[in-house]
Structure formats: C-alpha cells, structure tokens
Amino acid sequence: TSLPVDILCVDGTTVMGDIFMPAHSSRQPGPMRPDEWGDTVHPFFPVRSRTAHSLTIVNRDAVVAVTVPAAANAAEHDAMVDLPVFRVAVDAVGTRFEGDVVVDMPPGHQRVADWLNAPGAFLTVRAGLAHHLIQKRHVLRVMELDRISA
C-alpha cells in the first residue's frame, strides 16, 4: 500500500511522493498506520515521486517531519479512548508545527514531557486534515498552548 507524504529534511528541502506501507500491523488488525511506520522504518527508505515516477532514497536521520493525510493515521478506537489531548507548538529545525498531541501514557505520566521522553522516534502532531510525524531528535522546543481534554 502506498501513502502520499511530504517529508521535510534537515537541509530545508521537501521530498513529496509516496511511501510504501506494510499491509499488516503488529500493533492492531489491518494495515500499518504511519505513526507505527515511523517507529519501524529502516535507516534508508524509498519515496516514489508523484510527478517524475522516480525513487528517492531518504536517510531517516535527515528527516525532520513526515506529513501524512489525517485519515491514514486514524484508528477506529481513537474517538472511544479518553486520553489527554494538548494543543502544542513544536519548533523543529526552523519550522513550527501547531496542532494537538494525544498523550497515550499510563496515569500519573500523562504530561507532554512524559510523551516526549517515551520510547519512539517520532511525535505525532494532529493538525486538521494532516498529521505531522516529527522526529524527536530534531525538536528544539515544545510549547503547551492548552489542554483540550481529559
């Protein structure tokens, strides 16, 4: 399965194209979601151009953020789970991403700082019709703007 993405790299370039998503997830029934892909992607991964029909091999360590359609990263159970949601602004390599983060952590560890320090290479910021998977290693700062729920 392919998924349209815009990839912001540390040098400021953007790679637009499609990444290849596994048909099966190890975390849930059905295909792998982008947030899971971000935690399992190989050090170098292919992106197929939408216009030139060529492949670009991208170094995962050079990725600041991968922007995907929100619908591709949603799960059926998302709306049923009562987890804390924070509105944040994330500064990463000269770019600001604003949106919501869902802190899926145990009680007593449900702060944005807990989520940032949890395992996993990427932080998902939900911004309307797009989700930004931001690589934590490139985050300069995160500002909590508001707590929305829970």
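As shown above, the structure is provided for reference.
Residues numbered from 1 in each chain as written. Predicted model: local features only at pLDDT ≥ 70, side-chain atom pairs only at ≥ 80, totals over all residues. Heavy atoms only, no water.

Some points on the pairing of strand E6 (residues 85–92)
We apply this condition: Relative accessibility under 20% of the residue-type maximum defines a buried residue, over 50% an exposed one, and the middle range a partly exposed one, all with a 1.4 Å probe and only protein chains included. Secondary structure is summarised from DSSP: a helix means a run of H or I of at least four residues, a strand means a run of E of at least two, and numbering begins at the N terminus for each. A strand pair is defined by DSSP finding two or more bridges across the two strands.
Burial runs high along E6: seven of the eight residues are buried. Two strands pair when backbone bridges link them, and E6 and strand E7 (residues 95–102) are joined in this way by eight bridges, in the antiparallel orientation. Paired with Asp91 across the bridge in E7 is Arg96. Pairing geometry for E6 and strand E10 (residues 139–149), over eight bridges, is antiparallel. Its bridge partner being in E10, Ala92 is matched across the sheet by Val139.

Regarding the nonpolar core
Where a protein is soluble and globular, its nonpolar side chains tend to be buried together. Worth spelling out the cut-off: The nonpolar core is taken to be a set of buried Ala, Val, Leu, Ile, Met, Phe, Trp, Tyr and Cys residues, with the residues joined through side-chain atoms within 4.5 Å.
Of all hydrophobic cores here, the largest spans 18 residues; its most connected members are Ile7, Ile19, Trp37, Phe45 and Val66. Elements with a minimum of two residues in this core: strand E1 (2–9), strand E2 (14–20), strand E3 (44–49) and strand E5 (63–69). Counting residues per element, this core draws most heavily on E1, which supplies four residues. One finds Ala65, Val112, Ala118 and Ile134 within the second-largest nonpolar core, a separate group that totals 16 residues.

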